[in-house]
Amino acid sequence: MAAPSDPNRVLIFDTTLRDGEQSPGCSMNLAEKLEMARALRDLGVDVIEAGFPIASPGDFESVQAIAREIQGPIIAGLARCNFADIDRAGEALREATNKRIHVFLATSAIHREFKLKMTREEIINRAVEGVARAKKYCDDVEFSPEDAARTELDFLAEVCEKAVEAGATTLNIPDTVGYAVPSHYADIIRHLKKNVRGSDKVVYSVHCHNDLGLAVANSLAALLEGARQVECTVNGIGERAGNTALEEIVMAMRTREDYYKLTTNINTRLLVPTSRKLSMVTGMQVQRNKAIVGQNAFAHEAGIHQDGMLKNPSTYEIMRPEDVGIPSTDLVLGKHSGRHALKARIQDLGYTVDESQLQRIFEAFKVLADRKKSIYDADIEALVDNQLHSGASEAWQLVNFSCNASFGVPPTAAVSLKHADGRTVCEPAVGDGPVDAVLKSIQRGTGIDLKVTDYRVRSVTGGLDAQGEALVEVEYDNRKLSGRGVNTNVIEASALAFLQVINRIALRQVRPRMKPSDHVPQEVVPAV
Ligand code: KIV
Ligand code: ZN
């Protein structure tokens with residue numbers, strides 16, 4: 001992509017569906033990736049990295065489906081510097097209106113010696129061949145020297161220059177292992193911009209990992225040196241400690257526009273709805289105190305702060321909640337609220353639902369209003385999320401359950417489940433506690449055996465009648481999966497969270513796949 005005509009405009013390259021999705025607990029199926037791609041398009045990102053097509057048939061299909069459907073942003077596919085990867089990416093992106101192939105090759109001494117077993121010269125040749133091959137499929141080619149932040153500066157500049165000569169239009173400088181600190185990372189960008197011939201013709205991009213908690217700070221430091229593309233993920237999901245968080249970098253630029261003088265195309269009012277959508281789709285929640293999108297990000301508890309806020313919000317608030325998509329009032333609905341009021345609130349919260357979805361949400365709302373006096377925004381979000389992510393694509397549905405948690409008697413549960421093929425099962429089980437008994441009964445009934453690695457329950461809102469949110473993380477076939485359930489009955493919420501995970505497994509959404517970082521000897525897939 002050519003640099004935008006406005007020199008202060010920063011391109012947002014979203015890699016939630018590639019670098020984000022490959023992290024434990026964040027895998028998505030094709031329908032979920034499409035749903036997220038639509039949300040990213042609406043959010044206004046410039047580039048969507050849709051996946052790593054050679055990694056698995058599932059990755060290929062999702063890149064292809066996103067390339068077919070999503071108009072507006074550039075759709076990018078990742079490839080290592082070998083012909084098989086690049087050809088596969090080219091094929092997956094064939095139908096995209098705006099496409100980009102993103103080729104990468106490690107350049108640091110440690111990667112050259114131990115992972116690739118290639119000399120400097122071989123790396124340069126391979127990079128040039130890879131970029132040239134990608135050019136056969138599209139003009140827009142991004143090159144990433146993997147582990148750039150630990151690469152010798154002179155060699156890094158040499159590889160980048162050759163990649164530009166071969167036709168790269170974006171040079172992405174990854175801090176693959178999250179080793180850089182802001183001044184160091186800024187030095188790298190400054191050095192490259194000064195020493196790489198052709199720098200003025202390409203867009204410099206930054207790709208930071210958060211191992212030291214510095215991904216956003218490093219990206220900002222690089223922007224000050226002239227980088228004009230940031231690679232980031234919603235909620236900062238990604239390998240290990242994650243990637244640069246999209247919502248944080250965007251709001252840093254916007255809130256401190258006086259300092260950075262940079263702009264993006266992001267509709268910031270969709271930041272929180274997009275973050276929530278991702279949490280819903282993956283089951284991976286953000287921590288309460290997460291900047292911008294965490295539940296407490298705009299909560300003021302201290303009396304002195306509350307007093308100041310009442311006198312003038314800007315005493316303690318640098319951003320307005322509504323600017324990131326949090327409605328300014330937590331309007332309370334109840335038993336007597338009508339369909340119209342509910343619809344208006346759902347829209348205010350950033351969701352788009354059709355009439356049949358609204359009808360289902362309204363029915364669930366009425367049931368909830370019978371159990372709970374005041375329905376808050378968080379309750380409505382839980383209802384909408386539940387309705388939008390249940391039903392047609394589920395293999396198993398909860399019919400009913402009973403469980404016993406008396407004192408002095410072993411806890412037991414019997415969960416009745418209905419399969420999409422019409423059969424029903426109910427296998428009683430004994431557990432260490434009622435939740436454990438419910439899980440065992442579900443596992444017995446469905447025949448799916450998994451290991452629970454984390455389980456938490458928290459309340460969605462305040463009050464004793466609050467809905468409980470159960471979050472579960474499991475390990476299955478060496479992959480981590482997360483599930484979430486919400487209900488006023490916490491045992492039912494737990495059963496729903498387990499079922500979400502079971503359904504992902506039952507629908508064979510958990511497929512083994514390769515990661516870009518997996519070592520595949522280059523000679524297995526020769527470049528030429
Ligand atoms: O972190 C990294 O180096 C990557 C590359 C594939 C760009 O994700
Ligand atoms: Zn990365």
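Note that the coordinates shown come from a computational prediction; the quantities given were computed from them, not determined experimentally. (Residues numbered from 1 in each chain as written. Chains lettered and ligands numbered in written order. Predicted model: local features only at pLDDT ≥ 70, side-chain atom pairs only at ≥ 80, totals over all residues. Heavy atoms only, no water.)

Draft legend 1. Spatial organisation of the sheet that holds strand β4 (residues 99-106). Strand order in the closed barrel formed by eight strands is β1-β2-β3-β4-β5-β6-β7-β8, and the pairing between neighbours is parallel. Strand-to-strand twist across the sheet, computed as the mean angle between neighbouring axes with direction ignored, equals 25°. Across the sheet, helix α6 (residues 120-135) lies against β4 and β5 (141-146), angled at about 170° from β4, the strand it touches most. (Pairing = 2+ DSSP bridges. Helix = DSSP H or I, 4+ residues; strand = E, 2+ residues; numbered from the N terminus. Axes fitted to C-alpha atoms, helices over the stretch in contact; angles between N-to-C directions. Contact = heavy atoms within 4.5 Å.)

Draft legend 2. Geometry of the pairing of strand β6 (residues 170-175). Of all six residues that make up β6, six are buried, and the element is covered over most of its length. Of the two faces of β6, the one lined by T170, N172 and P174 and the one lined by L171, I173 and D175 are each fully buried. Sheet analysis places β5 next to β6, joined by two bridges and oriented parallel. What sits directly across from F143, in β6, is L171. Crossover β5 to β6 through helix α7 (residues 153-166) is right-handed. Relative to strand β7 (residues 203-208), β6 runs parallel, the two being bridged by six bridges. In the strand pairing of β7, L171 is matched with Y204. In terms of handedness, the path from β6 via helix α8 (residues 182-195) over to β7 forms a crossover that is right-handed. (Buried < 20%, exposed > 50% of the residue type's maximum accessible area, 1.4 Å probe, protein only. Right-handed = clockwise from strand over helix to strand, strands pointing away.)

Draft legend 3. Inspection of the site of ligand 1 at higher detail. Around ligand 1, the neighbouring residues are R18, D19, H102, F104, S144, E146, P174, T176, H207 and H209. A distance of 2.6 Å separates an oxygen atom of ligand 1 from a polar side-chain atom of T176. Protein coverage of the free-state accessible area of ligand 1, which is 260 Å², stands at 96%. Breaking the shell around ligand 1 down by element, the ones donating at least two residues are α1 (16-20), β4 and β5. In the shell around ligand 1, the residues fall into two nonpolar, five polar and three charged. (Near = heavy atom within 4 Å. Polar contact = N/O pair within 3.5 Å; in protein donor to acceptor, adjacent residues only side chain to side chain. Areas by Shrake-Rupley, 256 points an atom, 1.4 Å probe, with all protein chains shown as cover. Nonpolar A, V, L, I, M, F, W, Y, C, P; charged D, E, K, R; others polar.)

Draft legend 4. Fine view of the state of the cysteines. Evaluated as defined, the whole model comprises zero disulfides. The thiol of C26 is not disulfide-bonded; the next cysteine sulfur, from C232, is found 15 Å away. Unpaired in terms of disulfides, C403 finds its nearest cysteine sulfur in C426, a separation of 12 Å. Overall, C403 belongs to the partly exposed group, its relative accessible area being 30%. (Disulfide = S-S within 2.5 Å.)

Draft legend 5. Seen up close, the pattern of salt bridges. Scanning the entire structure with this criterion turns up 44 salt bridges. Between R120 and D154 there is a salt bridge whose closest N-O contact spans 3.9 Å. Placement of the pair is R120 in helix α6 and D154 in helix α7, with a sequence separation of 34 residues. A salt bridge links K290 to E247; the nearest nitrogen and oxygen atoms lie 2.8 Å apart. Of this pair, K290 sits in the loop between α12 (271-282) and α13 (303-311) while E247 is found in helix α10 (residues 246-255), placing the two residues 43 residues apart along the sequence. Comparing K290 with E247 shows no difference in burial state: the two are buried. By sharing partners, the salt bridges in this structure join R254, R269, R320, E322 and D323 into a single network. (Salt bridge = Lys/Arg side-chain N within 4 Å of Asp/Glu carboxyl O.)

Draft legend 6. Molecular detail of the domain arrangement of the protein chain. For the protein chain, the assigned domains read domain 1 (11-264), domain 2 (329-388) and domain 3 (396-506). With centres defined by C-alpha atoms, the gap from domain 1 to domain 3 works out at 39 Å. Opposite the four residues of domain 1 that make contact, domain 3 presents five residues. Buried area between domain 1 and domain 3, both sides added, is near 390 Å², and the carbon and sulfur share of it is 35%. The tally of links from domain 1 across to domain 3 stands at zero salt bridges. Put simply, domain 1 and domain 3 have one residue pair in polar contact (both at pLDDT 80 or more) between them. Looking at the side of domain 1 that touches domain 3 residue by residue, the classes come out as one nonpolar, two polar and one charged. (Domains from an automatic or database assignment. Buried area = accessible area lost by both parts, 1.4 Å probe.)

Draft legend 7. Summary view of a nonpolar patch on the surface. Residues V452, Y455, V457 and V490 make up a contiguous nonpolar surface patch of roughly 270 Å² in combined accessible area. At three residues, strand β13 (residues 451-459) tops the list of elements feeding residues into the nonpolar patch. (Patch = residues over 30% accessible without salt bridge, like charges linked within 9 Å, V, L, I, M, F, W, Y side chains within 5 Å.)

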